[in-house]
Each structure stands twice: as structure tokens, then as C-alpha cells.
Amino acid sequence: NSKVIQTPRYLVKGQGQKAKMRCIPEKGHPVVFWYQQNKNNEFKFLINFQNQEVLQQIDMTEKRFSAECPSNSPCSLEIQSSEAGDSALYLCASSQTGFQDTQYFGPGTRLLVL
Amino acid sequence: QQKVQQSPESLSVPEGGMASLNCTSSDRNFQYFWWYRQHSGEGPKALMSIFSDGDKKEGRFTAHLNKASLHVSLHIRDSQPSDSALYFCAASELMDSNYQLIWGSGTKLIIKP
């Protein structure tokens, strides 16, 4: 069973408010991913880290999203100014380093922007 | 066009029956495939991975990969009500140093008691 921990499980924000969610990856996994799953169950990759360094992030993430994975602290994803379209399930996953390594997911943080 | 396409969109199977799910990639760079299952209110859970041509069996689950046609399938025998969930096919690009997964649109599987 996955041991990726995500908090909070649910988050309700007004438009323009900041929304912050956290993730503790599985022990020993240096790579951390954030994905957004919309109401149609479609996945969108947001950003990933390897040992605190950003590997890749999409344009949307660069503009309104900020994320970090400091050593010895939970990883975090923050939306600076929430929009209605940000309402989704935010999934954190972690893995070993390698093209063949399975990503293990947490339960997600469900964000609702009113 | 989505790079990873799944079919059918929805599937209903009687308890104890065989469920067959399909996934096709349009990109030959995708060499590594996973099947994930997501129950309502939970994150996706990896069922199995397949990287080589042929079959891979784990318990009631069998995956099949045909690299020539870029087709992956998942077969669930002796389906149980607890198998009712969303099933996703995900692929990883060969030599993509960023490791991100490209996801299919999912198949909703319903097992009827």
C-alpha cells in the first residue's frame, strides 16, 4: 500500500484566495510529482522534483502555481490566486529514479474554488 | 489527438466474468506502460506494469503488450464487485528524463453482483 501522505484531503477557497496543499512522499523516493485530475477524470502533469530540484513544470505552473520540496519537510503546492477552473483533485506521487519505476500516489487533495 | 487512448469508455461485467480493457498509444516513444485503478475518493493505485512484448500475469490480472501495434490490454478474470473502479492506462516515454506519465482517459468498470 502507498505511503504517500497528502493534507488536507479537502480544501474550499474563494476566487483570488491562496490554496496550499502538502505531500509527504514515500520514504526513500527522491522523485515527487504533482498532477491535477479534473472532473472528467483527465490527468494533467503540473511539476516534478528530484531531491528538491525542479525537473519539469508546465506553463500554468510557472505562472500561478508555486511548488517546493525542501529537504526534511513536506513538499507543497500553492495556487497564488485561485480560479474556478482550478477546482480539481490534486494528486501527489513519488517514485524511485528510473524510466521503469512505478509512481505511487497519495489520496489527493480535493480543491473547490467557489 | 490524445497520445494514449483507452476503450471502452465504460464496461459492465457480471460478477465472476472476464473484463477486458484496451489501450493504444500513438507515439512509438512510449515504451513503458502501467495500469492503474482508482476507486472513488482515492488516488490511483498501480496494478501492474508491462515493458516487454507478450503477457504478464499477476493473480487475476493479465496484461498484454504488443509494441508493434502499440497496444496494451488488461484482462481481469473472476471479476469481483470490489473491482468496480476507474482503470487508467499510463505510459512513460523512452529516455524522458522527467519521468512524467502520460495518461489515458480511463475506463469505468462496473461489476454487477
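Residues numbered from 1 in each chain as written. Chains lettered and ligands numbered in written order. Predicted model: local features only at pLDDT ≥ 70, side-chain atom pairs only at ≥ 80, totals over all residues. Heavy atoms only, no water.

### Brief notes about the overall build of chain B
In terms of regular secondary structure, chain B is built from 0 helices and 11 strands. The C-alpha radius of gyration computed for chain B amounts to 14 Å, which stays within 12% of the reference 13 Å derived for 113 residues, consistent with globular compactness. On the principal axes, the C-alpha backbone points of chain B span a range of 45 × 30 × 25 Å. Expressed as a percentage of the 113 residues in chain B, the buried residues total 49%. In chain B, of all internal contacts separated by at least 6 residues, the share reaching a separation of at least 24 is 56%. Of the roughly 5200 Å² of accessible surface on chain B, a fraction of 48% belongs to carbon and sulfur atoms. Taking the average place of the 11 positive charges on the side chains of chain B and the average place of its 11 negative ones, the gap between the two points comes to 3 Å. (Helix = DSSP H or I, 4+ residues; strand = E, 2+ residues; numbered from the N terminus. Rg over C-alpha atoms; globule rule 2.2 N^0.38 Å. Buried < 20%, exposed > 50% of the residue type's maximum accessible area, 1.4 Å probe, protein only. Contact = heavy atoms within 4.5 Å. Areas by Shrake-Rupley, 256 points an atom, 1.4 Å probe, with all protein chains shown as cover. Lys, Arg positive; Asp, Glu negative; His and termini not counted. Charge placed at Lys NZ, Arg CZ, Asp CG, Glu CD.)

### Regarding the interface of chain B and chain A
With 23 residues of chain B at the interface, the matching set in chain A holds 25 residues. Between chain B and chain A the total buried area reaches about 2000 Å² when both faces are included, carbon and sulfur atoms providing 57% of it. Inspection of the chain B/chain A interface yields 0 salt bridges. Taken together, the connections running from chain B to chain A amount to 6 residue pairs in polar contact (both at pLDDT 80 or more). Elements that contribute at least two residues to the side of chain B that touches chain A include exactly β4 (30–38), β5 (45–50), β9 (85–93) and β10 (101–103) of chain B. When grouped by side-chain class, the residues that make up the side of chain B that touches chain A number 12 nonpolar, 7 polar and 4 charged. (Buried area = accessible area lost by both parts, 1.4 Å probe. Salt bridge = Lys/Arg side-chain N within 4 Å of Asp/Glu carboxyl O. Polar contact = N/O pair within 3.5 Å; in protein donor to acceptor, adjacent residues only side chain to side chain. Nonpolar A, V, L, I, M, F, W, Y, C, P; charged D, E, K, R; others polar.)

### Brief notes about the sheet that holds strand β7 (residues 65–68) of chain A
Paired through backbone hydrogen bonds, the strands of a sheet run either parallel or antiparallel to each other. All names here are of chain A. The strand order β1-β3-β8-β7 describes an open sheet built from 4 strands, whose pairing is antiparallel. Looking at strand neighbours, the two that pair on one side only are β1 (5–7) and β7, the edges of this open sheet. The sheet shows a mean angle of 15° between the axes of neighbouring strands, taken without regard to direction. Two strands pair when backbone bridges link them, and β1 and strand β3 (residues 19–24) are joined in this way by 3 bridges, in the antiparallel orientation. (Pairing = 2+ DSSP bridges. Axes fitted to C-alpha atoms, helices over the stretch in contact; angles between N-to-C directions.)

### A few points about the sheet that holds strand β7 (residues 61–66) of chain B
Residues and elements named next belong to chain B. Spatially, β1-β3-β8-β7-β6 is the arrangement adopted by the 5 strands of the open sheet, whose pairing is antiparallel. The two strands at the open ends of the sheet, each matched to only one other strand, are β1 (4–7) and β6 (54–58). Neighbour-to-neighbour, the strand axes of this sheet turn through a mean angle of 15°, independent of strand direction. Where β6 lies against β7, 5 bridges are found, and the strand directions are antiparallel. The partner of Lys-56 across the bridge, within β7, is Ala-63.

### As for a nonpolar patch on the surface
A contiguous nonpolar surface patch, about 300 Å² in accessible area, is contributed by A:Val12, A:Leu112 and A:Leu114. Note that A:Leu112 resides in strand β11 (residues 109–113). (Patch = residues over 30% accessible without salt bridge, like charges linked within 9 Å, V, L, I, M, F, W, Y side chains within 5 Å.)

### Focus: the side chain of A:Ser82
All names here are of chain A. The topology assignment puts Ser-82 in the loop between β8 (75–79) and β9 (88–95). Classification of Ser-82 by relative accessible area gives buried; the value is 1%. At a separation of 2.7 Å, a polar atom in the side chain of Ser-82 contacts the main-chain carbonyl oxygen of Gln-17. Residue contacts for Ser-82: discarding those within four places in its chain leaves Lys-13, Gly-14, Gln-15, Gly-16, Gln-17, Lys-18, Ala-19, Arg-64 and Val-113.

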